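Chain by chain, the residues:
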Amino acid sequence: MAEPLSEQGRDLLFREARSYNGYLDKPVGEDQLRQIWDLMKFGPTSANLFPARIVWCVSQEAKEKLAGLASGTNAAKIRTAPVTAIIGMDMAFYDHAPRLFPVSDARSWFMDADGAPNAPLVQVTAMRNSSLQGAYFIFAARALGLDTGPMSGFDNDAVDAAFFAGTTVKSNFISTLGYGDPATIFDRLPRPAFEEFTRIA
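Residues numbered from 1 in each chain as written. Predicted model: local features only at pLDDT ≥ 70, side-chain atom pairs only at ≥ 80, totals over all residues. Heavy atoms only, no water.

Going by an unreviewed UniProt entry, the chain carries the name Nitroreductase domain-containing protein and comes from Rhizorhabdus histidinilytica.

Right, here's the structure in full:
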């Protein structure tokens, strides 16, 4: 990149951005969801294999279904957010390798000698890269002027059955999405210093 991001841009993505527990009564349209995807898809993944799959819970029916599978406090957040995204991971992501990574036979990397999927490698690759893509989702939303509330605190197996039945996709985490209500955030929690949690080798 030719120039560093401005201080205002750094504030938008990091220093002033927060995870929200509630949102203003302002809708989020499908065009905005598409814009989020069209930004986040440029974030790097291993061999460009894109394991993340997203279900955008926009209808009240979808939000109620998801809320019923979440913990008490998370359920209320899901019901009142304009959108809640389920960030899933396709456990057969490697089937798309011939199209997404045509420079090499990347699909074979995830197979055992007998041609069956190497389950531990598939699992760790799907989790790592869909989590990365989930982070790209958060920053893409922020770049577009939206706020998020990423969370665990739900029944993964039940969400998989309700939203990914008959597929090879499993849920990773969920995140509310909208225009954050400042009244719903807590004071900024501590952040460790460079010297505390990092070292130069």
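### Re the sheet that holds strand 2 (residues 83-90)
We apply this condition: One requirement defines pairing of two strands: DSSP has to find at least two bridges between them. Only runs of H or I of at least four residues qualify as helices and only runs of E of at least two qualify as strands under DSSP, and these elements are numbered from the N terminus. Axis lines are fitted through C-alpha atoms, for helices just across the contact stretch, and the angle between N-to-C directions can take any value from 0 to 180 degrees. Any two residues whose heavy atoms approach within 4.5 Å at even a single point are treated as in contact.
As summarised here, the arrangement of the four strands in space is 1-2-4-3, forming an open sheet in which the pairing is antiparallel. The strands lining the two open edges of the sheet, one partner per strand, are strand 1 (52-57) and strand 3 (147-151). Sheet twist, expressed as the average angle between the axes of neighbouring strands with direction ignored, equals 30°. Here strand 2 pairs with strand 4 (residues 169-178) via eight bridges, running antiparallel. Across the sheet, the residue bridging to Val83 is Leu177, located in strand 4. Those strands touched by helix 7 (residues 156-163) are strand 1, strand 2 and strand 4, and its axis lies near 90° from that of strand 4.

### A look at the packing of helix 3 (residues 60-67) against helix 7
Test applied: Reported orientations rely on four angle classes, namely roughly parallel under 35 degrees, roughly antiparallel over 145, roughly perpendicular from 65 to 115, and oblique for the rest.
The interhelical angle for the contact between helix 3 and helix 7, taken along N-to-C directions, is 150°, at an axis separation of 10 Å. Relative to helix 7, helix 3 is oriented roughly antiparallel. Contacts from Ala62, Lys65 and Leu66 in helix 3 reach Val159, Ala162 and Phe163 in helix 7.

### Here we look at the side chain of Thr125
Keep this limit in mind: Throughout this description, buried means an accessible area under 20% of the type-specific maximum (1.4 Å probe, protein chains only), exposed means over 50%, and partly exposed covers the range between.
Topologically, Thr125 is positioned in helix 6 (residues 119-143). Residue class for Thr125 comes out buried when judged on its relative accessible area of 7%. Among residues more than four places away in sequence, those in contact with Thr125 are Pro51, Phe93 and Phe110.

### With respect to the nonpolar core
Nonpolar side chains in soluble globular proteins tend to end up buried together. Rule in force here: Within this scheme, the nonpolar core is defined by two criteria: the residues are buried Ala, Val, Leu, Ile, Met, Phe, Trp, Tyr or Cys, and they are joined through side-chain atoms within 4.5 Å.
Grouped together as the largest cluster of nonpolar side chains are 17 residues, with contacts concentrated most on Val28, Ile36, Met40, Ile87, Phe137, Leu146 and Leu177. Secondary-structure elements contributing two or more residues to this core are helix 2 (30-40), strand 2, helix 6 and strand 4. No other element matches helix 6, which puts five residues into this core. If we ignore the near neighbours within four places in the chain, the residues touching Met40 are Ile54, Gln133, Tyr136, Phe137 and Ala140. Met151, Phe154, Phe163 and Ile174 belong to the second-largest nonpolar core, a separate cluster that totals 15 residues.

### A short note on the UniProt feature "domain: Nitroreductase" (unreviewed entry) in the chain
Worth spelling out the cut-off: UniProt positions are given in the numbering used here, feature names are shortened, and annotations may be inferred rather than shown by experiment.
On the UniProt side, "domain: Nitroreductase" (unreviewed entry) is annotated at positions that read residues 16-163 here. Helix makes up 44% of residues 16-163 and strand 13%, whereas the separation of the span's terminal C-alpha atoms amounts to 33 Å.

### Re the packing of helix 1 (residues 7-15) against helix 6
Definition in use: Should the near helix be turned anticlockwise from the far one by less than a right angle, the crossing is left-handed, and should it be turned clockwise, the crossing is right-handed.
Viewed as axis vectors pointing N to C, helix 1 and helix 6 meet at an angle of 135°, and their least axial separation amounts to 9 Å. Relative to helix 6, the element helix 1 lies oblique. Note on packing geometry: the crossing formed by helix 1 with helix 6 is right-handed. Contacts from Leu12, Leu13 and Phe14 in helix 1 reach Phe139, Arg142 and Ala143 in helix 6.

### With respect to the pattern of salt bridges
Here is the rule: Put simply, a salt bridge is a Lys or Arg side-chain nitrogen that is within 4 Å of an Asp or Glu carboxyl oxygen.
In this structure the tally under the stated criterion is eight salt bridges. We note a salt bridge from Asp11 to Arg15, for which the minimum N-O separation is 2.7 Å. Of the two residues, Asp11 and Arg15 are both situated in helix 1; the distance of four residues between them amounts to about one turn of the helix. In this structure, Arg79 and Glu64 form a salt bridge, with 2.9 Å as the shortest nitrogen-oxygen distance. Of this pair, Arg79 sits in helix 4 (residues 72-80) while Glu64 sits in helix 3; the two residues are 15 residues apart in sequence, bridging distant segments of the chain. We classify Glu64 as partly exposed; its relative accessible area is 36%. If you follow the salt bridges from partner to partner, you end up with Glu7, Arg10, Asp11 and Arg15 in one network.

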